[in-house]
Amino acid sequence: SSGINAEYGGRSLVSSQNTTLPSSLSFITCNHPPLSSFLSSPLSIVIRSIVNILVIIYHYISFSTQIVFLTKQNKTTQTMSSPADSVPAGPSSLQSPDGDSSKPQSKPNYILKYTLKGHKKAISSVKFSPDGRWLASASADKSIKVWNALDGRYELTLEGHSQGISDISWSSDSKYICSASDDKYIKIWDISSGEMLKTLKGHTNYVFCVNFNPQSNKIVSGSFDETVRIWDVKTGKCAKMLPAHSDPVSAVDFNRDGTLIVSASYDGLCRIWDSNTGLCLKTLIEDDNPRVSFVKFSPNGKFILSGTQDNTLRLWSYSTGKCLKTYTGHKNEKYCLFSTFSVTNGKWIVSGSEDNCIYIWNLQTKEIVQRLEGHTDVVLTVACHPTENIIASGALEKDQTVKIWKHQEPIMTE
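What counts as what
Residues numbered from 1 in each chain as written. Predicted model: local features only at pLDDT ≥ 70, side-chain atom pairs only at ≥ 80, totals over all residues. Heavy atoms only, no water. Helix = DSSP H or I, 4+ residues; strand = E, 2+ residues; numbered from the N terminus. Polar contact = N/O pair within 3.5 Å; in protein donor to acceptor, adjacent residues only side chain to side chain. Contact = heavy atoms within 4.5 Å. 1 Å grid on protein atoms, 1.4 Å probe; cavity = no way out; pocket = protein on both sides within 12 Å on 5 of 7 lines; lining within 4 Å. Points joined across faces, edges and corners; volume = space filled by probe spheres on them. Nonpolar A, V, L, I, M, F, W, Y, C, P; charged D, E, K, R; others polar. Pairing = 2+ DSSP bridges. Axes fitted to C-alpha atoms, helices over the stretch in contact; angles between N-to-C directions. Core = buried A, V, L, I, M, F, W, Y, C linked by side-chain atoms within 4.5 Å. Buried < 20%, exposed > 50% of the residue type's maximum accessible area, 1.4 Å probe, protein only. Salt bridge = Lys/Arg side-chain N within 4 Å of Asp/Glu carboxyl O.

1. Digging into the side chain of Thr-401
Then step 1. With respect to the secondary-structure elements, Thr-401 resides in the loop between β27 (390-395) and β28 (402-407).
Then step 2. Reaching out from Thr-401, the side chain makes a polar contact with the side chain of Asp-399 at a distance of 2.3 Å.
Then step 3. When neighbours within four sequence positions are excluded, Thr-401 is seen to be in contact with Thr-115, Leu-116, Lys-117, Ile-123, His-375, Ser-393, Gly-394 and Ala-395.

In structure tokens, the structure reads:
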């Protein structure tokens with residue numbers, strides 16, 4: 001009984017000496033004269049055995065309940081202390097390993113500040129310069145316009161393509177823009193002078209998407225000719241041609257250090273490439289294989305955001321190749337809509353939509369936290385300012401405007 005005594009806090013349940021019965025069972029030992037003859041009778045022995053068994057069962061159930069409770073409590077504690085999801089919870093986790101994750105996110109409150117007019121056809125792409133000073137817009141009217149990013153003031157127009165422009169990208173020093181056009185060419189522009197510096201030739205069909213690498217010595221482009229091309233900025237020559245997809249390439253992007261390229265296509269695939277060797281490292285695919293209209297690395301390069309023409313955005317882990325989160329509620333069934341990360345005031349996913357609105361989701365909870373109304377046609381393109389709480393958007397033919405939205409802290413009323 002020593003083991004049992006120790007286990008139950010020093011109280012013996014099996015010893016026949018000095019056993020104290022629970023008060024609820026004490027009635028069994030009362031009012032049975034003569035006591036000496038009764039205690040020696042077979043009936044007494046049976047009753048005492050039953051009582052002892054009942055006491056053991058009573059304490060066993062009590063102890064088991066405690067064990068179950070402690071086990072559940074321990075599991076709950078482990079669950080609460082473990083990561084809530086595959087995506088880090090800190091506000092800067094998409095940008096850097098550091099950041100204060102203790103601050104709760106308040107909902108965004110973007111309001112329309114400026115409407116920029118000047119393009120004569122649909123707006124195809126808007127991009128903020130990395131230094132935050134400028135906003136560039138490209139259009140089907142064959143032109144690029146540059147605006148002041150903070151007050152929307154018009155700065156200059158770049159012209160030289162013979163057909164509409166589908167995409168633009170800034171160099172990391174904010175001095176140059178490259179553009180992709182339906183005329184099958186990519187052009188590089190000097191912003192300070194407005195001069196066209198180079199024309200990159202090689203694609204055999206519309207050039208649909210383009211991006212500088214972080215070092216700005218390479219450009220990646222995707223085309224309706226189903227290839228991805230990597231260009232040397234200094235020479236203007238094609239350094240690598242990747243037979244990437246079996247349908248038009250809808251988006252291309254470099255990761256944060258320029259070692260990887262992600263491409264997306266109407267064939268339903270997202271592919272990750274080694275930018276130096278041109279080797280395909282991974283392919284991301286959904287079971288139902290919807291057309292992929294857009295793809296982009298997260299600021300820290302650990303995640304990939306894709307948009308598909310089944311009204312869905314997906315956040316992928318680069319390391320595992322698995323889809324971590326899906327964002328729905330907007331409309332995307334026909335166009336290649338831009339989407340992006342917002343990291344200046346919490347962590348949001350921002351996207352255009354075919355219902356003429358801009359949608360903002362909480363990255364972690366996948367909740368739609370704001371819906372911006374103001375455009376009168378499909379919002380094809382969105383971009384977020386690198387340091388300020390500003391969103392730019394552009395819409396199709398019936399609208400032809402660029403809009404600048406700024407976050408406004410809600411007024412607290414007593």
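Now that the structure has been shown, the text picks up again.
2. Quick word on empty space enclosed by the protein
Then step 1. In the structure shown here, the tally under the stated rule is 1 cavity of 30 Å³ or more.
Then step 2. Roughly 60 Å³ of internal volume is contained in the largest cavity.
Then step 3. Forming the boundary of the largest cavity are Gly-268, Cys-270, Leu-284, Ile-285, Glu-286, Asn-289, Pro-290, Val-292, Ser-306, Thr-308, Arg-314 and Trp-316.
Then step 4. When residues of the lining of the largest cavity are traced back to their parent elements, those giving at least two are β17 (280-285), β19 (303-308) and β20 (312-317).
Then step 5. When its residues are assigned to classes, the lining of the largest cavity shows 6 nonpolar, 4 polar and 2 charged.

3. Topic: unusual backbone geometry
Then step 1. A positive phi angle is found at Glu-226, which is not glycine, with a value near 75°.
Then step 2. The residue Asn-356 is not glycine, and still its phi comes out positive at about 75°.
Then step 3. By the element assignment, Asn-356 lies in the loop between β23 (348-352) and β24 (357-362).

4. Re the sheet that holds β27
Then step 1. Read from one edge of the open sheet, 4 strands run β1-β28-β27-β26, paired in antiparallel fashion. With one partner strand each, in any of the chains shown, β1 (110-116) and β26 (379-384) form the two edges of the open sheet. Averaged over neighbouring strand pairs, the angle between their axes works out to 25° when direction is ignored.
Then step 2. Pairing of β27 with β28 involves 5 bridges; the strand directions are antiparallel. Within β28, the position partnered with Ser-393 by the bridge is Lys-403.

5. Thoughts on the nonpolar core
Then step 1. Core analysis: the largest hydrophobic core is formed by 14 residues, its most contacted members being Val-262, Ala-264, Cys-270, Ile-272, Leu-284, Val-295 and Ile-304.
Then step 2. Elements with a contribution of two residues or more to this core: β15 (260-265), β16 (269-274) and β18 (292-297).
Then step 3. Here this core takes 4 residues from β18, the largest share from any one element.
Then step 4. In contact with Ile-304, not counting residues within four places along its chain, are Val-262, Ile-272, Leu-284, Val-295, Lys-296, Phe-297, Arg-314, Leu-315, Trp-316 and Tyr-318.

6. Here's the deal with the environment of Ser-139
Then step 1. Relative to the helices and strands, Ser-139 resides in strand β3 (residues 134-139).
Then step 2. It is 8.6 Å that separates the C-alpha atoms of Ser-139 and Gln-400, two residues lying 261 residues apart in sequence.
Then step 3. Look past the residues within four positions of Ser-139 in its chain and what remains in contact with it is His-119, Lys-121, Ala-122, Ile-123, Ser-124, Gly-164 and Ile-165.
Then step 4. A polar side-chain atom of Ser-139 sits 2.8 Å from the main-chain carbonyl oxygen of Ala-122.

7. Digging into the environment of Tyr-266
Then step 1. Within the secondary structure, Tyr-266 sits in the loop between β15 and β16.
Then step 2. Since its relative accessible area comes to 19%, Tyr-266 is described here as buried.
Then step 3. For the pair formed by Tyr-266 and Val-249, sequence separation is 17 residues and the distance between their alpha carbons is 6.7 Å.
Then step 4. If we skip the residues at most four places from it in the chain, Tyr-266 touches Asp-247, Pro-248, Ser-250, Arg-291, Val-292, Gln-309 and Cys-336.

8. Structural notes on the pattern of salt bridges
Then step 1. Going through the model one piece at a time under the given rule, you end up with 7 salt bridges.
Then step 2. In this structure, Glu-367 engages Lys-107 in a salt bridge whose closest nitrogen and oxygen atoms are separated by 3.1 Å. Here the residue Glu-367 occupies a position in the loop between β24 and β25 (368-373), and Lys-107 occupies one in the loop between α3 (42-81) and β1, the gap between them amounting to 260 residues.
Then step 3. A relative accessible area of 36% means that Glu-367 is categorised as partly exposed.
Then step 4. We classify Lys-107 as partly exposed; its relative accessible area is 48%.
Then step 5. Among the ionic pairs, Arg-314 bridges to Asp-310, the shortest N-O distance being 3.2 Å.
Then step 6. Overall, the relative accessible area of 24% leaves Asp-310 in the partly exposed class.
Then step 7. A cluster of three or more residues bridged by salt bridges with shared partners is formed by Asp-151, Arg-153 and Glu-155.

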